[in-house]
2 protein chains.
Amino acid sequence: MNRTTEQKFMDLLKEQSAYGEAIGLMAWDMRTKAPRKGIEGRSEVLGVLSQKVHEIQTSPEMREYIDELKGNVDDSVLERALEEAEETYDKTAKIPTDEYRAYVTLQSKAESMWAEAKENNDFESFRPYLEQLVEYNRKFAEYWGYKNHRYDALLHNYEPGVTVEVLDEVFPKVRKALTDLLNQTQEAPIQPDPSVLEGHFPKEKQAQFSEAILARMGYDFEAGRLDETVHPFAIGLNTNDVRVTTKYDEKDFRTAVFGTIHEGGHALYEQNINSKLAFTPLADGTSMGIHESQSLFWENFIARSKGFWKSHYELFKTYAPDSFQSLPLEKFYRAVNEVKPSLIRIEADELTYCLHIMVRYELEKALIGGEIEVKDLPELWNQKMKDYLGVVPENDAEGLLQDIHWSGGDFGYFPSYALGYMYAAQLDAKMRESIDVDKWVEAGDFKEIKNWLTQNVHQYGKMKKPLEIMNDVTGEGLNPDYLVHYLTEKYKKIYGF
Amino acid sequence: MNRTTEQKFMDLLKEQSAYGEAIGLMAWDMRTKAPRKGIEGRSEVLGVLSQKVHEIQTSPEMREYIDELKGNVDDSVLERALEEAEETYDKTAKIPTDEYRAYVTLQSKAESMWAEAKENNDFESFRPYLEQLVEYNRKFAEYWGYKNHRYDALLHNYEPGVTVEVLDEVFPKVRKALTDLLNQTQEAPIQPDPSVLEGHFPKEKQAQFSEAILARMGYDFEAGRLDETVHPFAIGLNTNDVRVTTKYDEKDFRTAVFGTIHEGGHALYEQNINSKLAFTPLADGTSMGIHESQSLFWENFIARSKGFWKSHYELFKTYAPDSFQSLPLEKFYRAVNEVKPSLIRIEADELTYCLHIMVRYELEKALIGGEIEVKDLPELWNQKMKDYLGVVPENDAEGLLQDIHWSGGDFGYFPSYALGYMYAAQLDAKMRESIDVDKWVEAGDFKEIKNWLTQNVHQYGKMKKPLEIMNDVTGEGLNPDYLVHYLTEKYKKIYGF
C-alpha cells in the first residue's frame, strides 16, 4: 500500500513529536529525579535527540511534502500543521548550518558560565558570552527579516503578531498607571503585615495541600503528576501526560502554593488541547504570552483573590501551623497581597511584576537594535530599576545576572510575561460577562471557570494565533486597560485609598 | 576536518546508545512514574525510537564501517565493539524486514493477550498467539543457524557459549541432587516456622531499610535511585545512572528486602562497568546468566546467610514490628530460609528455584525443536511440575501462564536464571579463596566483596563472554558442583539432617 503524501507528512510530524516527547521526559527527569552523576552522559543524549529534531524540521522530505500539499488540503488541522512546519522550516533553513551548530555550542557553554558568574557575582566573566549571544541574535534577526525593528524578528518567536510598535504604545501607558498605583500603596497609612505568614510548614503537608488545590482546579492526575524541583516548571510530554513541578520552602508556604497553582495553570492549558492535534506541532500552547495568561490567571486572579481564601482558608489551616488558627482571614488576605518594590523579578508581587519586565524589554530591544552594547548593561539596568521601581541592586547577581533567559540566547521572551498579565485580565473581564466567577471561586468550585478557559483558549492549541484568540474571545486585540482596572480596584480595597 | 572511519563508527554507536538511553528512561518512567493516561501515546514514541535503533544497527554505514575496520584496529575496545556490532548486524539482517515488523507487532499484541489470558485463566485465548511466536522463533533460529539443536540459536542470544549439549549434561545432574536435598528437608523433623515473620511493615520503614542496605552494598545513590513499582527491575540508563526499583508488601517484608538486594546486585554490576566502555554496546552486562549471578549472589549467598542477619538483624528490628524484638535470630534465620515446593517460580525458595527453571527449559527446548506443540503444553507443564516439585497447578494461571517471557517471544531466556545460580556459587567459592567472606558479612562490611566482584566481573561489561569470565576467574567453565555443595551445606545446617 502506498502512503499518500498527507500520511507521510503526518508520520514525519509524529516522528518529530516522538523525539520531542523523549527530550521532554529527559528534561523533566534531569530536573526532578536523575542522579547527579548521570547528568553528564544525559546531556550527550539530549544533544543527539535535539539534532534529530532539527534534521527532521529541515529535511528535504519536509520541504517536499510542504510544497506538494500547501494550498491543496481541505482539512484545517493539516493546513495549520503545514503552516507551522513551513514556518519552522524556513526559520531554521535561513540560518547557515555551521552558524547554527556554533550557536548551540555557545548556548550550552554560556548557560554554565552564567550560572558561575551569578554565583560569583562576576558579570565580567559572563560578558564575552553574552556579547556573542547578542551578536548571533542580531544576525539571526536579519536572516529572518522584519518590517520595522530588528527586535520584532525575535519577538515573533514568542508572541507572533506583537511588535515593538505595539509594546512601545502599551508598556509606557501601563508603566505610568502601575507607578502611580505603586506610590498610592506605599503611601497608604495601613500596610499589610507579612510577618503574620511566618511559621514552619512541613514539606509533606504543603505537598498534600498543593495536590488538593490542583485537583480542585481540574488538573487531571491520571494525565499528569506533581514533583519537587529547584526551579519549578510544567511540561507537556503528550496531551495525556502533562507534569507539574513545585518547590517547598518550609519557612514560606507561598512559594509552593502560588507556584503550584501557577504551574497548574500552564498544565491545564496543555491537558485540554484537543486530542486531534496530538502528535503534531499544534499540540502546544499557541504562544508564551497566552501560556503565561493561563498560569497568571490561576495564580493571581484566582488564588490571590479574597474569594479563593474564603473557600480555602479552612483547608489551608489544617495543613498550617497553629498560629494561623487565630489569624483572621482579612489579615491573611492582605498579607499575601502585600506590594513592595523589590530587586528580584520572580519574587515580585502582582503589581510590580510588569515593571521588572519593562526594564528587561527596553534593554534587550536596545541591545538587539544595536543602540546599546552589553558593556552598557550593568549601569543601565541599575538606572532603570531605580526609575521604575525605586530600588537599586547592590551587585549584578541580584541585578542583571538574576535571570537565566539571556544566557540561553532567549531575547524577545520577557515581554510574554507582561503580555500574559494583560491577556489574563482581558480574559477575566470577558469571562465575568457569562460566569459568576466570584460566586464559584467563593464556593471553591472551579469547573465552570476551567471549562470556559478550555472552551475559549485551551482546546485550540496552536490552531489559533495569540491575537486571533484574543479577538475571537474578547472582540478586541491586546488592551492593557483591563489589567490597570483590575489592579486599581484590587489594591484600592486592600490598601484603602 | 574529516573524521576517520573509527570516529564515524564510534559516533554511530554513540547515537545508538543515545536512543537506548531514551528508551530506557521511557521504560523506567512507564513502570514507576508515568500517569495512566499517558501510556498509550508513550508506546507510540517507544515504537519510533526502537525503530531508529533497528535502523542504525542494520544501516549501510554500519556495514561499511565494520567491513573497513574489522581486522584493522589495534584497540581492544574497538575490536570488541566491532564484533558486537557485526553480530547484531548479521542477526538482524538475516530476518526479512517484513517478518521482523510483523513479529514486533505480534509481540506487543501477544503480551496484552497473555495478560488477559492470565487474568481470566484462559490459556485457549492465548494459544494462537503463542503458536505464532513459537513459529517465528523456529524460523528465526533457522535463519540464524546452529550446529546441533535449533534451540541453541536462541540460547545464544542470552548466554553465548552455552548449548543444549551443556545444559542436558548439567541440568539432570543438578536436578537429581536438588530433588534429593528437597526430600531431606521435607522429611526433617524440625521445620522452620515462617509464621514468625508475620506482621505489619509500613512502607516508609521498608523503604528506609532498603535504602540503608543498598548503600551498605556499595550502591552509589549519586549514580542511581530507588523507586517503587509493580514488577521490580534494575535498569542502567548509562553507567552513571543505574536505577533500582522494588515493591513493598506491608504484610511481608521479604518481598522488598530480598527484592531490593536482588535488583541491587544487578545495579552494582552496571554501575561498575569500566567507563571507557560508555556509549558503546559493551557498556552492559555480558549475558543474562552473568547478570543473574550478580543479583542472586547478593540476594541469596549474602542476604540469606546467617552472617548477614547477624550484622543486620538489630537494624532490621528498628524498622520492624515489636514482635520481632523477642524473636531469636536463629528462628528468624530459619524462617527466611524455609524450603517448600510451590507453584510460582518468582516465589520459590533458593533450593526449588532451579527445578522451576528446568520445567521451562525442557518444554521450550522441545517446542522450538518441534518435538512438541503449544497445544501439548498444559498437560506437559503439569506433569513436569508433579515430577520435579511434587505439586500440580489447579489452573493454567498458576501454571504455564504465570510468566511473561513466552508472551514476548523470549525463548532461550529461562536457563539464564539457573546458570546464574551456578555461576554465583562458583564465584562465591572462588572469592572465598582470597577473602574472608563470612567475616566481612558478619561485620556488615561489603567493600571487599563488592571490589572483588568489580575486579573480576563488573568492570569488563561485554568485553568478555560469559564463559570467558568464568574461566578467567575460576579456572574452569560452568561447573554445577559448587551450587550443589553450597545448597547441601546450607540446608544440612538449617534442617539438621
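Residues numbered from 1 in each chain as written. Chains lettered and ligands numbered in written order. Predicted model: local features only at pLDDT ≥ 70, side-chain atom pairs only at ≥ 80, totals over all residues. Heavy atoms only, no water.

- Chain A has the name Metal-dependent carboxypeptidase in an unreviewed UniProt entry, where Halobacillus dabanensis is given as its organism.
- What UniProt states about chain A under its Function (unreviewed entry) heading is, verbatim, "Broad specificity carboxypetidase that releases amino acids sequentially from the C-terminus, including neutral, aromatic, polar and basic residues." (UniProt positions renumbered as here; feature names shortened; annotations may be inferred.)

Quick notes on the overall build of chain A
Okay, so step 1: Within chain A, the regular secondary structure consists of 20 helices and three strands.
Okay, so step 2: A compact globule built from 497 residues should have a C-alpha radius of gyration of about 23 Å, and chain A, at 23 Å, falls within 12% of that.
Okay, so step 3: Out of the 497 residues in chain A, the part that is buried amounts to 56%.
Okay, so step 4: Put simply, 73% of the contacts in chain A that link residues at least 6 apart link residues at least 24 apart.
Okay, so step 5: Accessible surface, chain A as shown: approximately 20700 Å² in total, 47% of it carbon and sulfur.
Okay, so step 6: Counting 58 positive and 85 negative side-chain charges, chain A places the averaged centre of each group 3 Å from the other. (Helix = DSSP H or I, 4+ residues; strand = E, 2+ residues; numbered from the N terminus. Rg over C-alpha atoms; globule rule 2.2 N^0.38 Å. Buried < 20%, exposed > 50% of the residue type's maximum accessible area, 1.4 Å probe, protein only. Contact = heavy atoms within 4.5 Å. Areas by Shrake-Rupley, 256 points an atom, 1.4 Å probe, with all protein chains shown as cover. Lys, Arg positive; Asp, Glu negative; His and termini not counted. Charge placed at Lys NZ, Arg CZ, Asp CG, Glu CD.)

Description of the UniProt feature "active site" (unreviewed entry) in chain A
Okay, so step 1: Here the UniProt feature "active site" (unreviewed entry) sits at E263 of chain A.
Okay, so step 2: Summarising the element assignment, E263 of chain A is placed in helix α10 (residues 253-271).

Considerations on the domain arrangement of chain A
Much of the literature gives interface size as the accessible area that the parts lose upon coming together.
Residues and elements named next belong to chain A.
Okay, so step 1: Under the domain assignment used here, chain A contains domain 1 (5-93) and domain 2 (125-497).
Okay, so step 2: Listed by partner, the interface residues are 19 residues for domain 1 and 23 residues for domain 2.
Okay, so step 3: Here domain 1 meets domain 2 over a buried area of about 2000 Å², counting both sides, of which 61% is carbon and sulfur.
Okay, so step 4: Of all residues in domain 1, W28, R31 and R80 bury the most surface against domain 2, accounting for 30% of the area lost on that side.
Okay, so step 5: K462 is the salt-bridge partner of E84, the closest N and O atoms lying 4.0 Å from each other. (Domains from an automatic or database assignment. Buried area = accessible area lost by both parts, 1.4 Å probe. Salt bridge = Lys/Arg side-chain N within 4 Å of Asp/Glu carboxyl O.)

Examining the side chain of K462 of chain B
Okay, so step 1: Inspection of the secondary structure puts K462 of chain B in the loop between α18 (447-456) and α19 (466-474).
Okay, so step 2: With residues up to four places along the chain from it excluded, the contact list for K462 of chain B reads R80, E84, P281, L282, D284, G285 and T286 of chain B.

Focus: the side chain of T352 of chain B
Okay, so step 1: Here T352 of chain B shows up in the loop between α13 (329-336) and α14 (353-369).
Okay, so step 2: Excluding residues that lie within four positions of it along the chain, T352 of chain B makes contacts with L182, V339, K340, P341 and L389 of chain B.

Here we look at a negative patch on the surface
Okay, so step 1: A surface patch of negative charge is lined by E6, D74, D75 and E79 of chain A.
Okay, so step 2: Considering the arrangement of structural elements, one finds E79 of chain A in helix α4 (residues 76-93). (Patch = residues over 30% accessible without salt bridge, like charges linked within 9 Å, V, L, I, M, F, W, Y side chains within 5 Å.)

Observations concerning the interface of chain A and chain B
Okay, so step 1: Taken together, the contacts link 35 residues of chain A with 35 residues of chain B.
Okay, so step 2: Area buried by chain A at its contact with chain B is led by P35, K37 and E222 of chain A, which between them contribute 19% of it.
Okay, so step 3: Remark: the boundary between chain A and chain B carries twelve salt bridges.
Okay, so step 4: Measuring nitrogen to oxygen at the nearest pair gives 2.5 Å for the salt bridge that ties K37 of chain A to D220 of chain B.
Okay, so step 5: Counting every contact that joins chain A to chain B gives 20 residue pairs in polar contact (both at pLDDT 80 or more).
Okay, so step 6: In terms of residue count, the dominant contributor to the side of chain A that touches chain B is helix α1 (residues 5-32) of chain A (ten residues).
Okay, so step 7: Split into classes, the residues belonging to the side of chain A that touches chain B amount to 15 nonpolar, five polar and 15 charged. (Polar contact = N/O pair within 3.5 Å; in protein donor to acceptor, adjacent residues only side chain to side chain. Nonpolar A, V, L, I, M, F, W, Y, C, P; charged D, E, K, R; others polar.)

With respect to the packing of aromatic side chains
Ring pairs (aromatic) are described by centroid distance and by the angle formed between their planes.
Okay, so step 1: Scanning the entire structure with this criterion turns up 77 aromatic pairs over all chains.
Okay, so step 2: Centre to centre, the rings of W406 of chain A and F414 of chain A are 6.1 Å apart; their planes meet at 85°, and the pair counts as edge-to-face. Both residues of the pair, W406 of chain A and F414 of chain A, count as buried.
Okay, so step 3: One residue, K439 of chain A, lies across the ring of W440 of chain A, its end atom 4.5 Å from the ring centre.
Okay, so step 4: Its end group placed over the ring of W28 of chain B, R243 of chain B keeps NZ or CZ at 4.4 Å from the ring centre. (Phe/Tyr/Trp six-rings, centres within 6.5 Å; stacked < 30°, edge-to-face > 60°. Lys NZ or Arg CZ within 6 Å of the ring centre and 35° of its normal.)

Remarks on the packing of helix α16 (residues 415-434) of chain B against α19 of chain B
All names here are of chain B.
Okay, so step 1: The N-to-C vectors of α16 and α19 enclose an angle of 20°; their axes lie 10 Å apart at closest approach. By the criterion of interaxial angle, the relationship of α16 to α19 is roughly parallel. Here α16 runs over α19; the crossing is left-handed. Between α16 and α19, the contacting residues are Y423, Q426, L427 and K430 on the first element and P466, L467, M470, V473 and T474 on the second.
Okay, so step 2: Residue classes in the contact of α16 with α19 are distributed as six nonpolar, two polar and one charged. (Axes fitted to C-alpha atoms, helices over the stretch in contact; angles between N-to-C directions. Parallel < 35°, antiparallel > 145°, perpendicular 65-115°, else oblique. Left-handed = near helix turned anticlockwise from the far one by under 90°.)

Regarding the relation of the copies chain A and chain B
Okay, so step 1: Mapping chain A onto chain B calls for a screw motion: a turn of 180° about the axis and a shift of 0.0 Å along it, with 0.0 Å RMSD after fitting. What we have between these two chains is a two-fold relation. When C-alpha distances to the rotation axis are compared across chain A, the minimum falls at A22 of chain A, with a value of 3.1 Å.
Okay, so step 2: Taken as a fraction of all interface residues of chain A, those also at the interface in chain B reach 100%, which identifies the copy contact as same-surface. (Least-squares fit on C-alpha atoms with pLDDT ≥ 70 in both.)

Some words on the pairing of strand β3 (residues 241-246) of chain A
Residue and element names in this part refer to chain A.
Okay, so step 1: Most of β3 sits inside the fold, with six of its six residues counted as buried.
Okay, so step 2: A two-sided burial pattern is seen for β3, the buried positions comprising D241, R243 and T245 on one face and V242, V244 and T246 on the other.
Okay, so step 3: Pairing geometry for strand β1 (residues 226-228) and β3, over three bridges, is parallel. Note on β3: the bridge partner recorded for L226 is V244. (Pairing = 2+ DSSP bridges.)

Let's talk about the sheet that holds β3 of chain A
All names here are of chain A.
Okay, so step 1: Strands sit in the order β1-β3-β2 across an open sheet of three strands; the sheet is mixed. Only two strands of the sheet have a single neighbouring strand rather than two, namely β1 and β2 (234-238). For this sheet, the mean angle separating the axes of adjacent strands, direction not counted, is 30°.
Okay, so step 2: This element, α1, spans β1, β2 and β3 of the sheet and lies at about 145° to β2.

Some thoughts on the pattern of salt bridges
Okay, so step 1: Overall, the coordinates contain 92 salt bridges over all chains when judged by the stated rule.
Okay, so step 2: Across the pair D168 of chain A and K365 of chain A runs a salt bridge whose closest N-O atoms are separated by 3.0 Å. Of the two residues, D168 of chain A is situated in helix α8 (residues 164-187) and K365 of chain A in helix α14 (residues 353-369); the sequence distance between them amounts to 197 residues.
Okay, so step 3: Looking at D168 of chain A, the relative accessible area reads 34%, which means it is partly exposed.
Okay, so step 4: Looking at K365 of chain A, the relative accessible area reads 14%, which means it is buried.
Okay, so step 5: The salt bridge involving E362 of chain A is made with K384 of chain A; its shortest N-O contact spans 2.8 Å. Pair noted here: E362 of chain A is in helix α14 and K384 of chain A is in helix α15 (residues 377-389), with a separation of 22 residues, a long-range link. Of the two residues, E362 of chain A and K384 of chain A, neither departs from the other in class, the shared state being buried.
Okay, so step 6: A cluster of three or more residues bridged by salt bridges with shared partners is formed by E21, D241 and R243 of chain A together with D29 and R42 of chain B.

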